[in-house]
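# Architecture and fold: a report
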Amino acid sequence: MKILILNGPNLNLLGKREPAIYGILTFEQFFESLKKKYADVELHYFQSNVEGEIINKLHEVGFSFDGIILNAGAYTHTSIAIGDAIKGIETPVIEVHISNVYAREEFRHVSYIAPNAKGIIAGFGLQSYELALESFI
Ligand code: DQA
């Protein structure tokens with residue numbers, strides 16, 4: 001099973017960025033533990049702060065991978081283009097968020113990913129990614 005975890009803007013700063021909201025672990029540390037725990041899954045990881053690079057990645061894997069776990073960061077709330085890209089590919093996408101976006105500012109309650117996603121997992125810290133992975137498995 002081939003799964004891509006795709007992280008959007010500012011998620012490269014995990015571990016340093018607003019630790020009270022996003023925790024103290026870097027994504028690389030978390031990803032290493034995930035790979036060990038799910039050794040049978042072919043897990044890939046890509047992060048970009050650039051909207052077009054996220055779209056290119058969705059196109060690249062979106063006809064061959066079994067699942068995409070997408071945390072589009074703030075692009076979740078703004079990007080019609082990422083929403084359209086998800087509509088255009090075959091691989092199912094699960095939208096994830098570390099924080100509970102619905103308990104935060106109102107602008108975070110809007111998602112251009114959600115209408116095109118298989119499901120949404122938010123608010124469980126980095127475990128949100130693991131829950132999404134479990135759901136694909
Ligand atoms: C986030 C929530 C977004 O609103 C925010 O812009 C992020 C991270 C989360 O994982 O909780 O960058 O997607």
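To start, this report covers the structure provided alongside it. (Residues numbered from 1 in each chain as written. Predicted model: local features only at pLDDT ≥ 70, side-chain atom pairs only at ≥ 80, totals over all residues. Heavy atoms only, no water.)

### Some points on the overall build of the chain
Put simply, the test is: We count a stretch as a helix when DSSP gives it H or I for four or more residues in a row; a strand needs E for two or more, and each element gets its number in order from the N terminus. For the radius of gyration, the atom set is restricted to C-alpha positions; the globular benchmark scales as 2.2 Å times the number of residues to the power 0.38. Per-residue accessibility, obtained with a 1.4 Å probe over protein chains only, is compared with the maximum for each type, and a residue is labelled buried under 20%, exposed over 50%, and partly exposed between these values. Contacts are residue-level and defined by heavy atoms, with any inter-residue pair within 4.5 Å sufficient. Areas reported as accessible are Shrake-Rupley estimates using a 1.4 Å probe. Residue values count occlusion only from the protein chains shown. Here Asp and Glu are counted as negative and Lys and Arg as positive; His is not counted, and neither are the chain ends. Throughout, a charge is located at the NZ atom of Lys, the CZ atom of Arg, the CG atom of Asp or the CD atom of Glu.
Within the chain, the secondary structure is distributed over 5 helices and 5 strands. In sequence order, the chain lays out its α and β elements as β-α-α-β-α-β-α-β-β-α. Computed over C-alpha atoms, the radius of gyration of the chain comes to 14 Å, within 12% of the 14 Å expected from 2.2 N^0.38 for 137 residues, which places it in the range of a compact globule. By its C-alpha atoms, the chain is 35 × 35 × 25 Å across when sized along the principal axes. A buried classification covers 47% of the 137 residues belonging to the chain. Long-range pairs, those at least 24 residues apart, make up 78% of the contacts in the chain between residues at least 6 apart in sequence. Taken as a whole, the chain presents about 6,800 Å² of accessible surface, with 53% of it coming from carbon and sulfur. Between the centroid of the 11 positive side chains of the chain and the centroid of its 16 negative side chains there is a distance of 4 Å.

### Brief notes about the packing of aromatic side chains
For the record, the criterion: Paired rings are identified among Phe, Tyr and Trp, the last through its six-membered ring, by centres lying within 6.5 Å, and are further divided according to the angle between planes into stacked (under 30 degrees), edge-to-face (over 60) and tilted (the rest).
One pass over the structure, following the stated rule, counts 6 aromatic pairs. The interplanar angle of 40° and the centroid separation of 5.4 Å between the aromatic rings of Phe 31 and Tyr 45 together place this pair among those described as tilted. Of this pair, Phe 31 sits in helix 2 (residues 27–37) while Tyr 45 sits in strand 2 (residues 42–47), and the two are 14 residues apart along the sequence. Residue classification places Tyr 45 among the partly exposed residues on the basis of a relative accessible area of 23%. Taken together, the ring pairs in this structure connect Phe 27, Phe 30, Phe 31, Tyr 45 and Tyr 129 into an aromatic cluster.

### Remarks on the side chain of Ser 99
Its location among the elements puts Ser 99 in the loop between strand 4 (93–97) and strand 5 (119–122). On the basis of relative accessibility, which here comes to 8%, the residue Ser 99 falls in the buried class. Excluding residues within four positions of it along the chain, Ser 99 makes contact with Ile 21, Tyr 22, Arg 104, Ala 122 and Gly 123.

### Examining the nonpolar core
Rules: Grouping buried Ala, Val, Leu, Ile, Met, Phe, Trp, Tyr and Cys residues that are joined through side-chain atoms within 4.5 Å yields what is termed a nonpolar core.
With 22 residues, the main nonpolar core has Ile 5, Phe 27, Leu 43, Ile 69, Tyr 129 and Leu 133 as its most contacted residues. Contributing elements (two or more residues each) for this core: strand 1 (2–7), helix 2, strand 4 and helix 5 (127–136). In this structure, Ile 69 is in contact with Ile 3, Leu 4, Ile 5, Leu 6, Ile 94, Val 96, Tyr 129, Ala 132, Leu 133 and Phe 136, ignoring residues within four places of it in sequence. Leu 6, Ile 54, Ile 68 and Ile 113 belong to the second largest nonpolar core, which has 18 residues in total.

### Overview of the environment of Lys 2
Its place among the elements puts Lys 2 in strand 1. Residues Lys 2 and Val 61, spaced 59 residues apart in sequence, show a C-alpha to C-alpha distance of 9.5 Å. Among residues more than four places away in sequence, those in contact with Lys 2 are Glu 42, His 44, Phe 65, Asp 66 and Gly 67.

### Quick word on helix 3 (residues 51–61)
Inclusion rule: Arc definition: it is the arc formed by the directions from the helix axis to the C-beta atoms.
For helix 3, every residue scored as buried is listed here: Ile 54, Ile 55, Lys 57, Leu 58 and Val 61. All buried residues of helix 3 lie within an arc of 160° about the axis, which places them on one face of the element. Turned more than 90 degrees away from the buried face of helix 3 sit Asn 56 and Glu 60, all of them exposed.

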